[in-house]
Amino acid sequence: MKEGYTKKIKSIDDKLDKMRIKRKDSDYTKVKEDVFDTPTLISLYNLSNKGILEALGGAISTGKEANIFFAESNDKPIALKIYRITTSTFRAMEEYLLGDPRFKNIRHEKRDIILAWTRKEYRNLLRAQNVGVRVPTPITTERNILAMDFLGENEVPYPLLKEIKLDTKQAHHIYETIKSYMRKLYKDSNLVHGDLSEYNIMVDPNNMEPIFIDMGQSVTLDHPKAEYFLNRDINNIVRFFKRFKISESSEDLSAFVRDENSK
């Protein structure tokens, strides 16, 4: 590795240490080891050079495959979803990605799968937004990093559906909106979310609107397991909303999403 390149990496690493990481020292060390490898540092450097990243804040979410960080871009809050190349459970991605005709030429190597997954989530978010489904607005990708709008207030993300207390009226409103979103995904963008549940839906407390998140799993309808994923999504939603006296069955919701009654 050339000396100048080595100095650049060291400079990025030093800047990262100075960024506003709101974690305990021990937690920060673990996050840095798992997330901020050299390729990711270079990607952060590239985002900074492009004017997309000005400051990096604390981790706001940690999942099986990725960490999400609060960040700032031109005085605007954004979220950076960084997929971990070294420690992510990438094999769980394969059943979604390798059957997707959009990514049929991806090699079965961990790095290639994760980079493709990042691009896939970006594309899925765009497709969903274009048909009127509320999702985080995607901004760009840089290797294993997805930059998108931050949805929350005062550096705190909006709550997940599983976390928010709802009265019956609010629950019915959210359920009807989720139904509409599922149908728009299926009918208008030829997508199935693929992992839809109370864990992957945020709620904007200002207007009680649901927001679909974590769309890396979303597949096109020609994916060999698209119908299986859709039925699982439907069952998850029906199960959750039963507690609010919503009596629609999985068969009812399935017919609505597929628009079978208009045939």
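Residues numbered from 1 in each chain as written. Predicted model: local features only at pLDDT ≥ 70, side-chain atom pairs only at ≥ 80, totals over all residues. Heavy atoms only, no water.

A.B. asks: Quick question: what am I supposed to make of helix H3 (residues 38-49) here?
C.D. replies: In a regular helix each residue adds 1.5 Å, so twelve residues correspond to 16 Å; H3 covers 17 Å between its end C-alpha atoms and thus fits that length. Just downstream of H3, Gly51 is the residue with a positive phi angle, here 80°. (Helix = DSSP H or I, 4+ residues; strand = E, 2+ residues; numbered from the N terminus. Expected span 1.5 Å × (residues − 1).)

A.B. asks: Sorry if this is basic, but what is going on with the pairing of strand S2 (residues 66-73) here?
C.D. replies: On a regular strand, one side chain projects to one face of the sheet and the next to the other, so that they alternate. Burial analysis of S2 places seven of its eight residues in the buried class, the great majority of the element. The turn linking strand S1 (residues 55-62) back onto S2 is made up of three residues. Following S2, the chain reverses through two residues before pairing antiparallel with strand S3 (residues 76-83); Asn74 in that reversal takes a positive phi of roughly 50°. (Buried < 20%, exposed > 50% of the residue type's maximum accessible area, 1.4 Å probe, protein only. Pairing = 2+ DSSP bridges.)

A.B. asks: What exactly am I supposed to notice about the confidence of the model for the protein chain here?
C.D. replies: Do not read the fine detail of predicted coordinates wherever pLDDT is low. On average, residues of the protein chain carry a pLDDT of 86, and 81% of them reach 70 or more. pLDDT under 50 marks residues 20-26. Its contacts with residues more than four places away, or in other chains, come to 16 contacts. (pLDDT = per-residue confidence, 0-100. Contact = heavy atoms within 4.5 Å.)

A.B. asks: Would you mind going over helix H6 (residues 168-188) with me for this structure?
C.D. replies: Helical geometry note: an α-helix holds 3.6 residues per turn, so side chains three or four residues apart project in the same direction. Compared with the 30 Å implied by 1.5 Å per residue over 21 residues, the 29 Å span of H6 between its first and last C-alpha is a close match. On its buried face, H6 is in contact with helix H5 (110-130), strand S8 (191-192), strand S9 (201-204), strand S10 (209-212), helix H7 (226-241) and helix H8 (250-258). One side-chain oxygen of the residue at the start of H6 lies 3.2 Å from the amide nitrogen of Lys169, identifying that residue as Asp167. One or two steps after H6, the chain reaches Asn190, where phi turns positive at roughly 55°. (Polar contact = N/O pair within 3.5 Å; in protein donor to acceptor, adjacent residues only side chain to side chain.)

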